[in-house]
Amino acid sequence: MKNNSLIRNTYQQLLDTFDGGKIESLLFTSFNFSACFFENNILPLTAGCSIKEVGSLQAAQVNKVLAKTKITVVCDRSTSPEPKNNYRYGQLAVGLKDAFFHPKIILATGTLENGMPVAELIVGSCNLTLSGWGLNREVAGICKVGKQQADNLLPLIHWISNIAKKQIDSIKKDDGEVEEEGNVRKNLVAIESFLTNNCKEEISASPNFILRLPNKNRDENYLDLLTSGISQPINSCRIVSPFWSNSEHLSPLLEQLNSKHIDFVPSINHAGMHCFPSTMRDYVKDSSFSAAYQGFKNNDRYTHAKSVSLNTKDATHWFIGSANFTKAAMGNMKRGNIEAMLHYSLENKATLNADFEDLDELKINWAEDSEVEDGAPEVSSYITHAAYNWKTQSFVCVLECSDVAFKKINNSHFNQQSLTFNKQDDGTYLAKLNYGVKKPIYTIELLYLDNDETMVYQGLVSQWNAQDDELTYNPKPKLSNIMNDLRALDPVKGPKGGGGSKGSSTETGEEEDEENRVFDFFSIYQAFYKQRKYFSEHQDKDPFNSGEVFSLSLMFRAISLEVDDRKSSSGDMNKEDVIYYFIFLSEFASTAKILAANFTPEKSNDLIDKIDIALAELETPFKKLVGESQVLKQFLHTDSVDQKTVESMLGWFKEQVDFTHE
């Protein structure tokens, strides 16, 4: 195990493992979550910034780099986690009844430079906050994932996946298929598949991963599970924990250890006082084992680390991770928190002992008793599952609470729009709102009374079926800019500087007046010819990936936005636009079908289907205009053009588009 002083260095070590390869999926779990800290510090590291360069990248730059990596953050909803901002990842808040989601892990799956699949795991005590990554004394370990680790990670992935599915199913109603921001469910499925298919061998050098997942049928303590692999008697023990339960709950656990000596390492709070319950101090004095209090020699910061070290005749067993020495963490697994720990078996305990010193009990200044974590919230009386569907421009929220709690609600709103909740047959409350928004709104607020004081509950709002530009990952693409860049493109050399040239679709700028339609079809054919040539010359580029310069997906988004902008208030197009877009989309469809031959059908077929639907909507008005064309009537020397002639003209046009220019 590498001895890193800061979790960010450990995370950098994980990222360096994939140097030259590719991280496909990332899963972060945390109790507390600071979105601003995560987005300004951790995501830039993930995007390739060095620790010194963090803060130099803008959101659009980070999002572009992370377009091919699926990232999910899971945290406990009771902490009122900060809502995410315009960064490319998925956020999921989960909860347990009368307990907390408390594991702190980072799991990365992907391939090394040589193409070998690998999963890396970090387990520690640190939350995704400034305190966890920069201020506190924390502990973390990193290891490769083999069969043992994968077998114990999979139940956690299953649990999170079920929660994600239930949350969406509870509010989906008649929305059909939805795609949530960050593709949380798809990412979890991908991680599960990766662990199942690629982590089948044991890795002897990796520590064991031990999960605490409450199960009503599992009648054992987590401490028993942690120590189940230790066969020799325990001679001595050291417990580092910032928070402790009282002796009623901890004495049975300590007696089961049957250690001859135990060193307790309580944390010092911000007032400089040691945190350890008075009942435990009394118990220690009368216990059957010898005991002492220890502290860190360099006691320059608050200790949030959690560890248990057990010394036997031949080895030291070191457990590190998220679990405090409390009933909720170490106690019976029928209930309590979700936790995660690593188990190291060390031959030399000298390194562990070097950081500690004995304390004189008579000189210790004890803090007042507290069995719960500082700032840890009580489990809320309210649970909300809410989403905004960009496709239908509608908001829906399901509220879970008791009738008594519901009566305490004074007001509720989404983006300053008042909500009306109605009780459903299953006892939950439902609110719906048809409402268009210009940018993502990530929170819903309930104002309620608690002891005559107005309190605010803040719930997260998931974004469904949104485009990247709607989520403000990048500016909205502009079709005229894309076409200008394509016409200026050297298909062999590619775009200047490796990206879109000046005035490209990825840059913001003044909107230009396009009220007067110009029929320059040569320019359309020229642009599409260069697009096809560019992707045929650069086989490593995926034309169906919206993150690629000149991608078909980006172009279709730009067409859709322009069409919507040019439609009249009645939703109809003028005659010139019908002709222009029908010809444009016909050439576009031909280009998509040609390029699709070299790429996965799932991506290409989806886009081609969308283009075909858009063409089908224009075909009837286009044929009507052809039939009414005075030029065609003069050419055919007739006063009217019958339907058969129109169909023949249209068939000829489609044939020419499908088989020319290449």
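Attention here is on the structure that accompanies the text.

About the criteria used
Residue positions within a chain follow its written sequence, with the count starting from 1. Residue-level local features of this predicted model are given only where pLDDT is at least 70; pairs of side-chain atoms are given and counted only at 80 or more, and the full residue set underlies all totals for whole chains, interfaces and linings. Side-chain numbers here rest on the full set of heavy atoms in the structure, without hydrogens or water. What we call a nonpolar core is a set of buried Ala, Val, Leu, Ile, Met, Phe, Trp, Tyr and Cys residues that are connected through their side-chain atoms within 4.5 Å. Only protein chains enter the accessibility calculation, which uses a 1.4 Å probe; a residue whose area is less than 20% of its type maximum is buried, one above 50% is exposed, and one in between is partly exposed. Per the convention used, a helix needs a DSSP run of H or I reaching at least four residues, while a strand needs a run of E reaching at least two, with both numbered from the N terminus. Whether two residues are in contact is decided by their heavy atoms, any of which lying within 4.5 Å being enough. Salt bridges, as used here, are contacts in which a Lys or Arg side-chain nitrogen is within 4 Å of a carboxyl oxygen on Asp or Glu. Note on geometry: axes are C-alpha line fits, over the in-contact stretch for helices, and angles between N-to-C directions span 0 to 180 degrees. Throughout, the term roughly parallel applies to angles under 35 degrees, roughly antiparallel to angles over 145, roughly perpendicular to angles from 65 to 115, and oblique to all others. The hand of a helix crossing depends on one turn: near helix anticlockwise from the far one by less than a right angle means left-handed, and clockwise means right-handed. Residues are grouped as follows: nonpolar covers Ala, Val, Leu, Ile, Met, Phe, Trp, Tyr, Cys and Pro; charged covers Asp, Glu, Lys and Arg; every other residue, Gly included, is treated as polar. Cysteine sulfur atoms are paired as a disulfide whenever they fall within 2.5 Å. Paired strands, in this sense, are two strands between which DSSP finds at least two bridges.

**Some thoughts on the nonpolar core**
Okay, step 1: In terms of nonpolar packing, the biggest core is built from 43 residues, with Leu486, Met555, Ile559, Phe584, Leu585, Phe588 and Ile611 touching the most fellow members.
Okay, step 2: Looking at this core, the elements that each hand over two or more residues are helix H13 (479-487), helix H14 (521-537), helix H15 (552-566), helix H16 (575-595) and helix H17 (601-627).
Okay, step 3: Here this core takes 10 residues from H16, the largest share from any one element.
Okay, step 4: Residue contacts for phenylalanine 588: discarding those within four places in its chain leaves Phe528, Leu552, Met555, Phe556, Ile559 and Ile611.
Okay, step 5: Judged by nonpolar contacts, the second largest core, of 41 residues, contains Ala119, Ala164, Val184 and Ile191.

**Considerations on unusual backbone geometry**
Okay, step 1: A positive phi angle, near 50°, is found at serine 80, a position not held by glycine.
Okay, step 2: Look at serine 80 and you get partly exposed, because its relative accessible area is 42%.
Okay, step 3: Its identity is not glycine, yet glutamine 416 carries a phi of approximately 70°, on the positive side.
Okay, step 4: Along the chain, glutamine 416 turns up in the loop between strand E17 (409-414) and strand E18 (417-418).

**Some points on the environment of alanine 387**
Okay, step 1: Residue placement: alanine 387 occurs in strand E15 (residues 383-389).
Okay, step 2: Along the chain, alanine 387 and isoleucine 594 lie 207 residues apart, while their C-alpha atoms are 38 Å from each other.
Okay, step 3: Residues within four places of alanine 387 in sequence aside, it is in contact with Ile171, Ser394, Phe395, Val396, Val461, Ser462 and Trp464.

**Describing the pattern of salt bridges**
Okay, step 1: The tally for this structure, following the rule as stated, stands at 18 salt bridges.
Okay, step 2: Residue lysine 165 pairs with aspartate 169 through a salt bridge whose shortest N-O separation is 2.6 Å. Placement of the pair is lysine 165 and aspartate 169 together in helix H5 (residues 147-172), with a separation of four residues, close to one helical turn.
Okay, step 3: Residue class for lysine 165 comes out partly exposed when judged on its relative accessible area of 47%.
Okay, step 4: With a relative accessible area of 33%, aspartate 169 lands in the partly exposed category.
Okay, step 5: The network of salt bridges with common partners includes Asp469, Glu470 and Arg557.

**Observations regarding helix H2 (residues 35-46)**
Okay, step 1: For H2, the tally of buried residues reaches nine of 12 residues, placing the bulk of the element in the interior.
Okay, step 2: The set of residues buried in H2 consists of Ala35, Phe37, Phe38, Glu39, Ile42, Leu43, Pro44, Leu45 and Thr46.
Okay, step 3: Just downstream of H2 lies glycine 48, where phi reads positive at about 110°.

**A word on the packing of H5 against helix H6 (residues 184-198)**
Okay, step 1: Between H5 and H6, the least distance of the axes is 10 Å, while the angle of their chain directions is 160°. By the criterion of interaxial angle, the relationship of H5 to H6 is roughly antiparallel. Crossing handedness for the pair H5 and H6: left-handed. Between H5, through Ala150, Leu153, Leu154, Ile157, His158, Ile160, Ser161, Ala164, Lys165 and Ile168, and H6, the contact on the second element is made entirely by Val184, Arg185, Leu188, Ile191, Glu192, Leu195 and Thr196.
Okay, step 2: For the contact of H5 with H6, a count of residues per class yields 11 nonpolar, three polar and three charged.

**Details of the state of the cysteines**
Okay, step 1: Here the structure, examined in full by the defined rule, presents zero disulfides.
Okay, step 2: Note on cysteine 49: no disulfide assigned, nearest cysteine sulfur contributed by cysteine 36 at a separation of 18 Å.
Okay, step 3: The structure places no disulfide on cysteine 275, whose sulfur is separated from the nearest cysteine sulfur, that of cysteine 237, by 19 Å.

**Some words on the packing of H15 against H16**
Okay, step 1: Where H15 meets H16, the closest approach of the two axes is 12 Å, and the angle between their N-to-C directions is 165°. What the angle tells us is that H15 and H16 run roughly antiparallel. Crossing geometry of H15 relative to H16 is assigned as left-handed. Along the contact surface, H15 presents Leu552, Met555, Phe556, Ile559, Glu562, Val563 and Arg566, while H16 presents Asp577, Tyr581, Phe584, Leu585, Phe588, Thr591, Ala592 and Leu595.
Okay, step 2: When the residues that make up the contact of H15 with H16 are grouped by side-chain class, the tally is 11 nonpolar, one polar and three charged.

**Notes on the sheet that holds strand E19 (residues 422-423)**
Okay, step 1: Here eight strands make up an open sheet; going across it, the order is E18-E17-E21-E22-E15-E16-E20-E19 and the pairing mixed. Two strands bound the open sheet, and with one partner strand each, they are E18 and E19.
Okay, step 2: Bridging between E19 and strand E20 (residues 429-434) involves two bridges; their strand directions are antiparallel. Each bridged residue has a counterpart across the sheet, and for asparagine 422 the counterpart in E20 is leucine 430.
Okay, step 3: Strands in contact with H5 are E15, strand E16 (394-400) and strand E22 (453-464); relative to E15, the strand with the most contacts, it is inclined by about 70°.

**A short note on the environment of leucine 607**
Okay, step 1: Tracing the backbone through its elements, the reader meets leucine 607 in helix H17.
Okay, step 2: Spatially, the C-alpha atoms of leucine 607 and lysine 593 are 9.8 Å apart, while their sequence positions differ by 14 residues.
Okay, step 3: When neighbours within four sequence positions are excluded, leucine 607 is seen to be in contact with Phe544, Leu552, Ser553 and Phe556.

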